[in-house]
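A look at the structure
Chain by chain, the residues run as shown.
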Amino acid sequence: MDYDVIVIGGGPAGLSAAVYTRRAELKTAIIEKLTFGGIITTTDLIENYLGFPAISGADFGKAIQQHAMKYNPDMIQAEVHAVKPIEGGYAVESDAGSLTTKTVIVASGAAPKKLGIPGENEYFGRGVSTCATCDGPFFAKRDVAVVGGGDSALSEGLYLSRLVNKIYLIHRRDKLRAEPILQKRFSELSNVEYLWNSVVTKIAGEKKVTGITVKNVTTGEEQEINVSAVFIYIGEVPQTSFVDVKKDENGYIMTDENMQTSSPGIFAAGDCRHSLTKQAIISAGEGALAAIAAQMYIEGRLRSKERPEAVNPQRILS
Ligand code: NAP
């Protein structure tokens, strides 16, 4: 075998797993397709990771990457296409070729969900964005739309509010989902107009975004609003299509309490896993647990009778 453990994904879950597997002296590779540090590196400000009262996503990403690198895992930049069972383990097939391993920890996270409306793909990167910290500065003193009512919409909206002239916060219901502290801060902003019970049905532009069509789902009325950018924060899609293990109806991987998936020797941790919520600190904890479980599996000490065949897959998310 090339490795004892291959970790797929280099965010908080994957890097934390690698710290633990390397400290257990297991031969470890981490394969990451985009940025080591994970999608959280694009967050403006993290305030709920214990020990870091306020840290930017970029600094946090650097810190966790450097921490993992201290233990010298092989860090491979590539996209994984398949995890295939072989005698004694798995072959992980990626742009970097096929690597064999005794165990796999899937920590591949989730990607931003899209609205699926006209203009969204056409103007992506030209006003349509899922990353306020990356693209927000291009729209200083302009009017922009933020779509969604969860933690991402409000935390990234707070960042945008300091740059732009006005935010239209467009939410499909009349109640926000975001944590109360974010709702309170958002309610104190003077440059936000809320469009409740509303969905964006079209994004218009001329080379770049110039406006949106917004429909009130209660009255059916439509209005056109001039904006220079649309920031979409309507949730996420787990990145799990490359691995054949039991998943919920949305593609999140089912595990038992030890992060074991339905396939012996494959573990999952972080945002790609079926769980109540997605938080960096929980991902890091799950990564650590998956690593310890992988070590015990390799040593033949892990009970497998609780793997997800026995878990009720009924969704716990509402
Ligand atoms: P989320 O919590 O799933 O919220 C998505 C929002 O978009 C919801 O308000 C939802 O409306 C709305 N939405 C979903 N599909 C839509 C559609 N097709 N059209 C219009 N609106 C739609 O996603 P998130 O905010 O990206 O957060 C993802 C996870 O990361 C969550 O677990 C969150 O707690 C976590 N997170 C935490 C922090 C933090 O701790 N500060 C920061 C960012 C993210 P409904 O409310 O009607 O369902």
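From a predicted model like this one, the values you see are computed outputs, not experimental measurements. (Residues numbered from 1 in each chain as written. Predicted model: local features only at pLDDT ≥ 70, side-chain atom pairs only at ≥ 80, totals over all residues. Heavy atoms only, no water.)

Focus on the overall build of the chain
- Secondary structure assignment for the chain yields six helices and 17 strands.
- Computed over the C-alpha atoms, the radius of gyration of the chain is 21 Å, within 12% of the 20 Å expected from 2.2 N^0.38 for a compact globule of 318 residues.
- Seen through its principal axes, the chain has C-alpha atoms that stretch 60 × 40 × 35 Å.
- Per-residue burial for the chain yields a buried fraction of 49% across its 318 residues.
- Contacts in the chain between residues far apart in sequence, at least 24 positions, make up 60% of those at least 6 positions apart.
- Total accessible area on the chain is roughly 15,400 Å²; 49% of this is exposed by carbon and sulfur atoms.
- Of note, the chain has its 34 positive side-chain charges centred 1 Å away from the centre of its 37 negative side-chain charges. (Helix = DSSP H or I, 4+ residues; strand = E, 2+ residues; numbered from the N terminus. Rg over C-alpha atoms; globule rule 2.2 N^0.38 Å. Buried < 20%, exposed > 50% of the residue type's maximum accessible area, 1.4 Å probe, protein only. Contact = heavy atoms within 4.5 Å. Areas by Shrake-Rupley, 256 points an atom, 1.4 Å probe, with all protein chains shown as cover. Lys, Arg positive; Asp, Glu negative; His and termini not counted. Charge placed at Lys NZ, Arg CZ, Asp CG, Glu CD.)

A short note on helix α1 (residues 12-23)
- End to end, α1 covers 17 Å across twelve residues, agreeing with the expected 16 Å (1.5 Å per residue, within 8%).
- The element α1 is extensively covered by neighbouring structure, given that nine of its twelve residues are classed as buried.
- Inspection of α1 places Pro12, Ala13, Gly14, Leu15, Ser16, Ala17, Ala18, Val19 and Thr21 among the buried residues, and these make up the whole buried set.
- Against the buried residues of α1 lie β1 (3-8), β2 (28-32), α2 (57-69), β3 (74-77), β6 (97-106) and α6 (280-298).
- Looking one or two places after α1, you find Glu25, whose phi comes out positive at around 60°. (Expected span 1.5 Å × (residues − 1).)

Let's talk about the sheet that holds strand β8 (residues 128-129)
- Read from one edge of the open sheet, five strands run β8-β15-β9-β10-β11, paired in parallel fashion. One side of each edge strand has no neighbouring strand; the edge strands of this open sheet are β8 and β11 (192-195).
- Two strands pair when backbone bridges link them, and strand β9 (residues 143-147) and strand β15 (residues 229-232) are joined in this way by four bridges, in the parallel orientation. Each residue of the ladder has a partner; that of Val146, found in β15, is Phe231. (Pairing = 2+ DSSP bridges.)

Focus: α6
- Between its first and last C-alpha atoms α6 spans 27 Å; for 19 residues at 1.5 Å apiece the expected length is 27 Å, and the two agree.
- Looking at α6, one finds that the buried residues are Ala280, Ser283, Ala284, Glu286, Gly287, Ala288, Ala290, Ala291, Ala293 and Ala294.
- The secondary structure elements touched by the buried residues of α6 are α1, β6 and β17 (266-268).
- In the segment just after α6, Gly300 is the residue with positive phi, at about 75°.

Brief notes about the pairing of β1
- Within β1, six of the six residues are buried, leaving the element largely enclosed by the surrounding structure.
- Direction of pairing for β1 relative to β6: parallel, over a ladder of five bridges. Bridge pairing in β6 links Val7 to Ile105.

Focus: the sheet that holds strand β12 (residues 198-206)
- With antiparallel pairing, the three strands of this open sheet are ordered in space as β12-β13-β14. Sheet topology places β12 and β14 (222-226) at the edges, where each strand pairs with a single neighbour. This sheet shows a mean twist of 25° between the axes of neighbouring strands, independent of strand direction.
- As defined by bridge partners, strand β13 (residues 208-216) adjoins β14 across five bridges and the pair is classed as antiparallel. Paired with Lys215 across the strands is Glu222, a residue of β14. (Axes fitted to C-alpha atoms, helices over the stretch in contact; angles between N-to-C directions.)

Some thoughts on the packing of α1 against α2
- Taken N-terminus to C-terminus, the directions of α1 and α2 make an angle of 25°; their axes are 8 Å apart at the nearest point. Compared by their axis directions, α1 and α2 come out roughly parallel. Pair α1 / α2 crosses with left-handed handedness. In this structure, α1 uses Pro12, Leu15 and Val19 to contact α2, whose residues at the interface are Phe60, Ile64, Gln65, His67 and Ala68.
- Looking at the contact of α1 with α2, its residues break down into six nonpolar, two polar and no charged. (Parallel < 35°, antiparallel > 145°, perpendicular 65-115°, else oblique. Left-handed = near helix turned anticlockwise from the far one by under 90°. Nonpolar A, V, L, I, M, F, W, Y, C, P; charged D, E, K, R; others polar.)

Considering the domain arrangement of the chain
- Considered domain by domain, the chain is made up of domain 1 (3-111 + 236-317) and domain 2 (114-232).
- With six residues of domain 1 at the contact, the number on the domain 2 side is nine residues.
- For the pairing of domain 1 and domain 2, the buried interface totals around 500 Å² over both sides, and the portion due to carbon and sulfur atoms is 35%.
- Summed over the shared surface of domain 1 and domain 2, the number is two salt bridges.
- A salt bridge links Arg185 to Glu47, with the shortest nitrogen-to-oxygen separation between them at 2.7 Å.
- Linking domain 1 with domain 2 are three residue pairs in polar contact (both at pLDDT 80 or more). (Domains from an automatic or database assignment. Buried area = accessible area lost by both parts, 1.4 Å probe. Salt bridge = Lys/Arg side-chain N within 4 Å of Asp/Glu carboxyl O. Polar contact = N/O pair within 3.5 Å; in protein donor to acceptor, adjacent residues only side chain to side chain.)

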